[in-house]
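What follows is each chain in one-letter form.
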Amino acid sequence: MTHRNERTLSVGALARVEGEGAMYVRVDGSTVQEVRLDIYEPPRFFEAFLRGRSYTEPPDITARICGICPVAYQMSACRAIEDACGVTVDGSLNDLRRLLYCGEWIESHALHIYLLHAPDFLGYPSAIDLARADRALIERGLRLKKAGNTVMETLGGRAIHPVNVRVGGFYRTPSPTELRPLAETLRHALDDALATVRWAAGLDFPDFSHDHEYLALTTDDRYPLESGTPRTTGGRSFTADGFEHHVVETPVPHSTALHARLTDGALYMTGPLARFSLNRDRLPPIAAQVAADAGLGAECRNPFQSIVVRAVEIVCAVEEALRLISTYRPPERPHVPVPPKAGVGHGVTEAPRGLLYHRYDLDAQGRITIARIVPPTSQNQAAIEDDLRRFVAARLDLDDSALTRACERAIRNYDPCISCSTHFLDLTVDRR
Amino acid sequence: MDATRPTLAVWKFASCDGCQLTLLDCEDELLTLAGEVEIAHFLEASDEVAPGPYDVSLVEGSITTPDDAERIRHVREVSGTLITIGACATAGGVQALRNFADVREFASLVYASPEYVATLDTSTPISAHVRVDFELQGCPIDRRQLLEVLSAFLMGRKPNISQHPVCFECKRRGNVCVMVAHGTPCLGPITHAGCGAICPAYGRGCYGCFGPSPNWSDGRPNTRGLVPWLDMTPDETERVLSTFNVAAFREEDHELRQPDTRGTDDDPPE
């Protein structure tokens, strides 16, 4: 046996993640010295060029941060700007926002479960290869994804960078008749979503868990999407305007993303696991039942099981969308007036990948003087690196290529959206 | 490997992933397409990368770093046909707003330690660096147009992509003109068709996300003719032209500041 005290592993370009990144692992003997997620998504400077723009522009401009979750950016931007201007959007207009957001959750989660994540569990390099072995499985995923896109196209005009969202509401709101065919699509999608949970619950999950503090929005009565109060499993609770007092972002040399921690230095995680663990009792009835059937407890702390939680969240989003359509009464007007006002506004909503924070400072004419955006992936990066350090330490007996594959798979559990890291993966394992 | 099927590669530069997502959004056609072509390099969808060269490459994103300026040359070398998809790859994207600002100041504002950030002063389209065989406009591109372009190149014919402005699609869709009927400023007359005139159908003016339409006598849209009809302040006009295709519309914006040499056919509304 060759003497192998130190080794490095390297994944040059992480596949099946949104955006670009690499991973570097340095092992000294039996000790993992360093684990880094290298984010090499080129910086695009949204927060800089938003300065001087009109307060009406962030919903369209920040949507372009991420083609996978543009609605999340539009929703957090609208909430922050309306907060700055002292306007509240509620009633049917808020219901329509929630319906649009349900569409994005269905689309984004179906994309991740079937096209990005499922090949890992079933041992294929891609969903296309998997489809050659099990075409019906991938077709089910594509049907679900299309149902989500149909919701976004109906309400937003198109699925990527919807055009119908504006500060105060919408440009045009649908008639109940326009939403009726959507309900038919969603009733079929509910069957596909339930089948997805049952299928995902039957997969093999590596034994792994973490105990990071979880951060998610919570509401009094519903599973959080377009609104809520940030809360953690550690008992912290704060309003949107307290976000920057509770979360600190610091730059790291290997990444164009910033690393976020809670102010006492605690690692935390946002996203489906956090959302589910803090809001399990607020799932709508069918989603709550299927979560129990799938064996999910009060909390979920195994990142590999995130595929089951995402599937439950699809059921939740479909169920919610159906409820919102059945109770829909068209609003009196498509948007409420939002006159500009000098001030600072904060907005938090639940993007498919987790909590998304926006803040805008406006002058009296409504021009943006400061913009700040904290996306989910940059909040999760430090916790992901911590998980990977322990994950690698328990698998040092694997050879480099097996360990590399295991790490790539572990990273995809978090559905990292690197494009969103306004401020992600190659795997390198360095064994010494 | 099936040697008889053409190979397709998808590449990403500075962008939001939305245009390559459009390929995965072809839910009804994706598996059929995967039967017709070998998807040989598509990191967003597969961790198996077949070695090049590739028959067709789709390139998303703009060039904003020294490494990417090198990487696009490699992509050109290994690609038979290179097609750029979206506003970033064809015009530099919204991140080209840096071209008209101080990028160091931008970096110092967004990143506490800007020395960790490698970036160029400009965001430039792929065509500024290598030969491009076809450019598909849009922020994001349209799914039907993407399928048409892919089909055309796989069949060895010219893509049937209309060069008309959005107005043509708007009329065909049966929309009421938002500018004539409601006085809503609309960039439809100078914007490349392809979206299906979505914004006017939702009661809003076109905001130019497909970039300038070239189909006028001198190959450029008559922006000067449109501007008086928009009834916007110069500041508003500059902002509406300075978004997702800022570098492409900038030429138009610059022209607006020059003495009138082209004239207009109509007087603006009172």
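Basis of the calculations
- Residues numbered from 1 in each chain as written.
- Chains lettered and ligands numbered in written order.
- Predicted model: local features only at pLDDT ≥ 70, side-chain atom pairs only at ≥ 80, totals over all residues.
- Heavy atoms only, no water.
- Domains from an automatic or database assignment.
- Contact = heavy atoms within 4.5 Å.
- Buried area = accessible area lost by both parts, 1.4 Å probe.
- Salt bridge = Lys/Arg side-chain N within 4 Å of Asp/Glu carboxyl O.
- Helix = DSSP H or I, 4+ residues; strand = E, 2+ residues; numbered from the N terminus.
- Nonpolar A, V, L, I, M, F, W, Y, C, P; charged D, E, K, R; others polar.
- Pairing = 2+ DSSP bridges.
- Axes fitted to C-alpha atoms, helices over the stretch in contact; angles between N-to-C directions.
- Buried < 20%, exposed > 50% of the residue type's maximum accessible area, 1.4 Å probe, protein only.
- pLDDT = per-residue confidence, 0-100.
- Expected span 1.5 Å × (residues − 1).
- Bend = angle between axes of the 7 residues up to and from the residue.
- UniProt positions renumbered as here; feature names shortened; annotations may be inferred.

Per an unreviewed UniProt entry, chain B is named Oxidoreductase, and its organism is Actinomadura rubrobrunea.

Going by the annotation in an unreviewed UniProt entry, the name recorded for chain A is Ni/Fe hydrogenase subunit alpha, with Actinomadura rubrobrunea given as the source organism.

Draft legend 1. Layout of the domain arrangement of chain B. All names here are of chain B. The domain architecture assigned to chain B consists of domain 1 (7–155) and domain 2 (166–256). One C-alpha centre belongs to domain 1, the other to domain 2; they are set 25 Å apart. Contact residues are listed per partner, giving 15 residues for domain 1 and 16 residues for domain 2. Taken together, both faces of the contact between domain 1 and domain 2 bury some 1,200 Å²; the carbon and sulfur share is 60%. For the pair domain 1 and domain 2, the number of links is 0 salt bridges. Of all the secondary structure elements, the ones that give two or more residues to the side of domain 1 that touches domain 2 are α4 (87–91) and α6 (143–155). Residue classes in the side of domain 1 that touches domain 2 are distributed as 9 nonpolar, 4 polar and 2 charged.

Draft legend 2. View of the sheet that holds strand β11 (residues 343–351) of chain A. All names here are of chain A. Ordered by their spatial adjacency, 3 strands build an open sheet running β11-β12-β13, and the pairing between neighbours is antiparallel. Sheet topology places β11 and β13 (368–374) at the edges, where each strand pairs with a single neighbour. Looking at each pair of strands side by side, their axes are set apart by 10 degrees on average, direction ignored. Pairing of β11 with strand β12 (residues 354–362) involves 9 bridges; the strand directions are antiparallel. Paired with valine 344 across the strands is aspartate 361, a residue of β12.

Draft legend 3. Just the environment of leucine 403 of chain A, in detail. When you line up the elements, leucine 403 of chain A lands in helix α13 (residues 400–412). For leucine 403 of chain A, a relative accessible area of 0% gives the class buried.

Draft legend 4. Region of interest: the interface of chain A and chain B. Between chain A and chain B, the residue contacts involve 66 residues of the former and 63 residues of the latter. Approximately 5,400 Å² of surface area, both sides summed, lies buried where chain A meets chain B, with 61% of it carried by carbon and sulfur atoms. We note a salt bridge from lysine 145 of chain A to aspartate 25 of chain B, for which the minimum N-O separation is 2.3 Å. Looking at the side of chain A that touches chain B, the elements with two or more residues in it are α1 (46–49), α2 (58–63), α4 (91–122), α5 (127–133) and α6 (135–156) of chain A. Looking at the side of chain A that touches chain B, the element that brings in the most residues is α6 of chain A, giving 10 residues. Across the side of chain A that touches chain B, the residue classes break down as 30 nonpolar, 14 polar and 22 charged.

Draft legend 5. Molecular detail of the confidence of the model for chain B. Residue and element names in this part refer to chain B. Overall, the prediction assigns chain B a mean pLDDT of 88, with 89% of residues at 70 or greater. Per-element mean pLDDT across chain B ranges from 74 in helix α12 (residues 246–256) up to 98 in helix α9 (residues 198–201). Reported for the predicted complex are a pTM of 0.93 and an ipTM of 0.93.

Draft legend 6. Here's a closer look at the sheet that holds strand β7 (residues 229–232) of chain A. All names here are of chain A. The 3 strands lie next to each other as β7-β6-β10, forming an open sheet whose pairing is mixed. For this open sheet the edge positions go to β7 and β10 (268–269), each flanked by a neighbour on one side alone. Direction of pairing for strand β6 (residues 213–218) relative to β10: parallel, over a ladder of 2 bridges. Bridge pairing links glutamate 213 to tyrosine 268 in β10. Against the sheet, helix α9 (residues 272–279) makes contact with β6, β7 and β10, and its axis sits at roughly 70 degrees relative to β6, the strand it touches most.

Draft legend 7. Main features of α4 of chain A. Residue and element names in this part refer to chain A. Taking 1.5 Å as the rise per residue, α4 with 32 residues should run 46 Å; its terminal C-alpha atoms sit 44 Å apart, in good agreement. A bend of about 35 degrees at leucine 116 is the largest found in α4, and the proline proline 119 appears one to four places after it. Extensive coverage of α4 is indicated by the burial of 29 of its 32 residues. Note on α4: the residue one or two positions beyond its end, glycine 123, has a positive phi of about 80 degrees.

Draft legend 8. Representation of the UniProt feature "binding site: Ni(2+)" (unreviewed entry) in chain A. Residues and elements named next belong to chain A. Mapped onto this numbering, the UniProt entry gives "binding site: Ni(2+)" (unreviewed entry) at Cys66, Cys69 and Cys417. The greatest C-alpha distance among the annotated residues, which extend across 352 residues, is 9.3 Å, indicating that they converge on a single site. By the element assignment, cysteine 69 lies in the loop between α2 and α3 (70–85). Cysteine 69 sits in the buried class, given a relative accessible area of 2%. Take cysteine 417: it is sitting in the loop between α13 and β14 (426–431).

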